[in-house]
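The lines below spell out each chain.
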Amino acid sequence: MDHFLLSAEEVTASLDTSQAGLSSEEAAARLAAKGRNELVKAKGKSLPVRILEQLIDPMVLILLVAAVVSVLLAIYEGGGFKAYAEAGIILSVVIINSVLGVYQETKAEKAIEALQQMSAAVAKVKRDGLVIHLAAAELVVGDIVLIEAGDAIPADIRLTQSAALRIEEAALTGESVPASKQTDALIGDEDGKVSLGDRKNMAYMGSSVVFGRGEGVVVATGMATEMGKIADIIQSTAEGETPLQKRLTQLSKVLTIGVLAICAVVFIIDIIRAEELVFGNMLNSFMLAVSLAVAAIPEGLVAVVTIVLSIGVTNMAKRNAIIRRLTAVETLGCAQVICSDKTGTLTQNKMTVVESYGDLRLLTPAMVLCSDSKLSDGEIVGDPTENALVAFAIENGISIDNLLDENPRIGEAPFDSVRKMMTTVHQTKDGIIQYSKGAADIILPLCSHAVIDGQTVEMTDELIASISARQYQYSTGALRVLAAARRYWPEPPLDFEPETLESKLTFIGLEAMIDPVRPEVKAAVEECKNAGIRVVMITGDHKDTAVAIASQLDIIDGPEQAISGKELDNLSDQEFAEQVTGIYVYARVQPEHKVRIVNMWRRQGFVAAMTGDGVNDAPALKSADIGVGMGIAGTDVTKNVADMVLADDNFATIVSAVEEGRVIYDNIRRTIQFLLGSNLAEVISVFTASLVGFVLFRPVHLLFINMVTDSIPAIALGIEAAESDIMQRSPRGSKDSFFSEGLWFDVIYQGIVIAILTLAAYFIVDIWEGHAVAMTSAFFTMSMCEIFHAFNMRSRRESIFRLKSHNRLLWAAMTGSLLLTLSIIYVPVLAEMFSLEPLTLPELATALGLSISVIPIVEVAKALQRAIARNK
């Protein structure tokens, strides 16, 4: 039932209650029937289920099978350390990856816990005709609740009494100014609807009273409240895969199919070539297939990607972007749309006076005295609008303490939403003076005179028109305008009723204020545009205010690119799909609108990010590809749902995060290209050798190459500096493959080149020394080839000799890998363990010469690719 459309009497009657409240017996019966006033926590996944989900990736399953087969063969053959090392390392990588994955999965549960913490703990309730303090969780529909300044609203309440009541609802509605409340029934639109921010006779769980007092009847508790609806949306929103996860899944499938096909072919060929079909031959053939599986699967890939992402987390933290979900580091780098909340994200969430009309020597004291904001320990405390008036007075040299001491208040007519003004009466050394402030269109008709250029003159139609024109000018700029007036009294008035005080006033002036944009945001929006990223503003504020802010930030070109939540409701999904790419401002929206907007962008194939700080932003943050919360002004709910939290609440930090995300994605592609090229070289080499009839590498050799001379340089590539055009590129699409822009071709030709060089090293040395030394030469060549090839990967197209930056970690990785490789060749114990033979100086020089040649070969290929790109 829409209780805001009913009168207070109709609501109490419909809920079978009265202004005296419920009886204890009736309240207990309702509590037993409907349950406690708490948010229900969704049942989470058990730990075993979470671990299982991490292990069902196809590539991980193949690694597990390879590890199990290795262990079984080791047991069958009575093998020692060498036989078990391979399985142990593979299992270690799988376990570490699973632990990291499970660690990330607690966001929705934390979000609901934070929502519960936002709910009021204790409420003042009428029971059995008495006012008592009651645990908020025990409230039921029909309870009569009393609220005053400082109280948190314990449930959804239809107000029945309101005395200058103002409630802070920014977390729910996005409104930057506390909402003034009244008790009259509202009139809905043609569909009987009233947006959440316009329900002036309602108070909602999760909001708080900033001024005045009130009383109301509870109309919804627990999950039936507006806060409960948000909690339900959070729980029911599926956690989608990030673009990186989708690409890694795609890569996993490709590798799985490829590995199974290659292993099957090799196993069949080896069985056919066997002289007799005995168990020993089959076992050796199966072992060769397992070796190829080890060669084909980059065991270090998951670990390297995790490490690269972790490095990105550290770098982003230095830029005030705190990552809560590891893969979110990369996701923001491919964001094509950023849907941003206005209040507190694009703006400062701090009302500020920016324009004034009138003599400030008279105007600023009048505004301060006719307000309830106070200074406390150097901070301004009170209503945000009145705080702005006090701050403006301080900026203009007014001593607030002295002003209040010299003009004590002796009476007042408090603000209410019907009059839309307030009046205070003060004793001064010169007598009694009254100040009134409120909306200009309310104050002006009450004025008989005005202060113009220091002189008090009679109010005329022309003067009213002039003041109204200035007020209109401010209003069209989305400024909130307040007028001030005064009245002298020869002696204190008989009473302080509005009818007594608010007439025969003298107009003093206007002050206009706005929640100003953050100074750095406009440049950040421009940078987003240069990077091909669309910025969309979503706010609970009125449409004219939203359009003015968006125009100031160059988010929109005109008001036709803005719509309200009501207009959005009138659009079918088909109509919205056709229009969404031309709408950049949404005003007066509710939580479900935000989710619909984000999901529609995603449905159109865009990677969408959502920023916000209020509870009302949480469902959309969870629905987006990446949710960005605010660390300072943001609620705990929003921060717990977010993938990334901005420690400085600075929209500009998002741009830095986008750049870092793009760098990370480039580096992940570099490492994947490098690892796949290296593994392809191993597969081609081993496969070719098996066809010719000799064993090129033992499984332990391939494992060493994959885990040392592949993975260590790959980690170094993961911290490569950004290329110069990183923020001038268009964003990647959500469906773009890892292998777009010719990456597959690069992997294939580079893998073939390394394989040819490795086989050449084997055949050359085999002529001199025989198989054992030739195998060592091929092993050393493959290892060094991949180390030198890592330098090629610093840029996919640019010559490495033209790069201005230096990757010191890559040089360290090369040195470390070289020393480790030489140690297992020349240290007798290790050489025996790895079945390698020492190389003579000419053999070593031959292997080094072949391996370093990968650099000029790839340089020539890059030059040809650049020439082809220029012609296109």
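Q: What's the story with helix H33 (residues 841-852) in this structure? I'm lost.
A: Since the α-helix advances by 3.6 residues per turn, residues separated by three or four positions end up pointing in the same direction. Its 12 residues place the ends of H33 16 Å apart at the C-alpha level, agreeing with the 16 Å of an ideal helix rising 1.5 Å per residue. Each element contacted by the buried residues of H33 is listed here: helix H29 (743-768), helix H30 (771-792), helix H31 (808-826) and helix H34 (854-871).

Q: Even after reading the chapter, I still don't get the nonpolar core, so can you show me in this structure?
A: General note: in soluble globular proteins, nonpolar side chains tend to be found buried as a group. One finds Phe507, Ile555 and Tyr586 to be the most contacted residues of the largest nonpolar core, which totals 161 residues. With 15 residues, helix H27 (residues 651-692) is the largest single contributor of residues to this core. Residues in contact with phenylalanine 507, not counting those within four places in the same chain, are Tyr357, Leu444, Cys447, His449, Ala450, Val451, Met459, Ile467, Ala483, Ala484 and Ala485. Judged by nonpolar contacts, the second largest core, of 24 residues, contains Ala366, Cys370, Val390 and Leu403.

Q: Any chance you could explain unusual backbone geometry here in plain terms?
A: With glycine set apart, most residues show a phi of negative sign, and most peptide bonds adopt trans. A positive phi angle, near 55°, is found at aspartate 16, a position not held by glycine. Non-glycine residue aspartate 377 carries a positive phi angle of around 55°. Tracing the sequence through the fold places aspartate 377 in the loop between strand S11 (374-376) and strand S12 (379-381).

Q: Looking at this structure, how should I read the environment of glutamate 859?
A: Here glutamate 859 shows up in helix H34. Expressed as a C-alpha distance, the spacing of glutamate 859 and arginine 797, which sit 62 residues apart in the sequence, is 8.8 Å. If sequence neighbours within four positions are ignored, glutamate 859 has contacts with Ser799, Ile800 and Phe801.

Q: Hey, could you run me through the packing of helix H20 (residues 521-530) against H27 in this one?
A: When two helices pack together, you describe them by how their axes are tilted relative to each other and by the distance separating the axes. It is the contact of H20 with H27, at a shortest axis distance of 8 Å, that shows an interaxial angle of 30°. Put simply, H20 runs roughly parallel to H27. Two packed elements cross with a definite hand, and for H20 against H27 that hand is left-handed. Counted together, Val521, Ala524, Val525, Glu527 and Cys528 of H20 and Phe651, Ala652 and Val655 of H27 form the full contact between these two elements. Its residues assigned to classes, the contact of H20 with H27 comprises seven nonpolar, no polar and one charged.

Q: I'm lost on the sheet that holds strand S25 (residues 644-646) in this one. Help?
A: Sheet strands pair by backbone hydrogen bonding; their relative direction is either parallel or antiparallel. Read from one edge to the other, the open sheet built from eight strands follows the order S8-S25-S24-S23-S9-S20-S22-S21, with strand pairing classed as mixed. On the outer flanks of this sheet lie strand S8 (321-323) and strand S21 (562-564), each paired with one strand and no other. Neighbour-to-neighbour, the strand axes of this sheet turn through a mean angle of 20°, independent of strand direction. Pairing of S21 with strand S22 (residues 585-587), which is carried by three bridges, proceeds in the parallel orientation. Residue pairing across strands places alanine 562 opposite valine 585, the latter belonging to S22. The strands that helix H24 (residues 591-603) touches are strand S9 (337-341), strand S20 (534-538), S22 and strand S23 (608-612); relative to S23, the one it contacts most, it runs at about 155°.

Q: Is there a simple way to think about the layout of surface pockets in this case?
A: It is a probe the size of a water molecule, rolled over the atoms, that shows where empty space is left. Put simply, the second largest pocket is a space of about 1,200 Å³. Lining the second largest pocket are 39 residues, and of these Val177, Ala439, Arg480, Val481 and His542 sit closest to its centre. Taken together, the residues of the lining of the second largest pocket break down into 16 nonpolar, nine polar and 14 charged.

The rules behind these values
Residues numbered from 1 in each chain as written. Predicted model: local features only at pLDDT ≥ 70, side-chain atom pairs only at ≥ 80, totals over all residues. Heavy atoms only, no water. Helix = DSSP H or I, 4+ residues; strand = E, 2+ residues; numbered from the N terminus. Expected span 1.5 Å × (residues − 1). Contact = heavy atoms within 4.5 Å. Core = buried A, V, L, I, M, F, W, Y, C linked by side-chain atoms within 4.5 Å. Buried < 20%, exposed > 50% of the residue type's maximum accessible area, 1.4 Å probe, protein only. Axes fitted to C-alpha atoms, helices over the stretch in contact; angles between N-to-C directions. Parallel < 35°, antiparallel > 145°, perpendicular 65-115°, else oblique. Left-handed = near helix turned anticlockwise from the far one by under 90°. Nonpolar A, V, L, I, M, F, W, Y, C, P; charged D, E, K, R; others polar. Pairing = 2+ DSSP bridges. 1 Å grid on protein atoms, 1.4 Å probe; cavity = no way out; pocket = protein on both sides within 12 Å on 5 of 7 lines; lining within 4 Å. Points joined across faces, edges and corners; volume = space filled by probe spheres on them.

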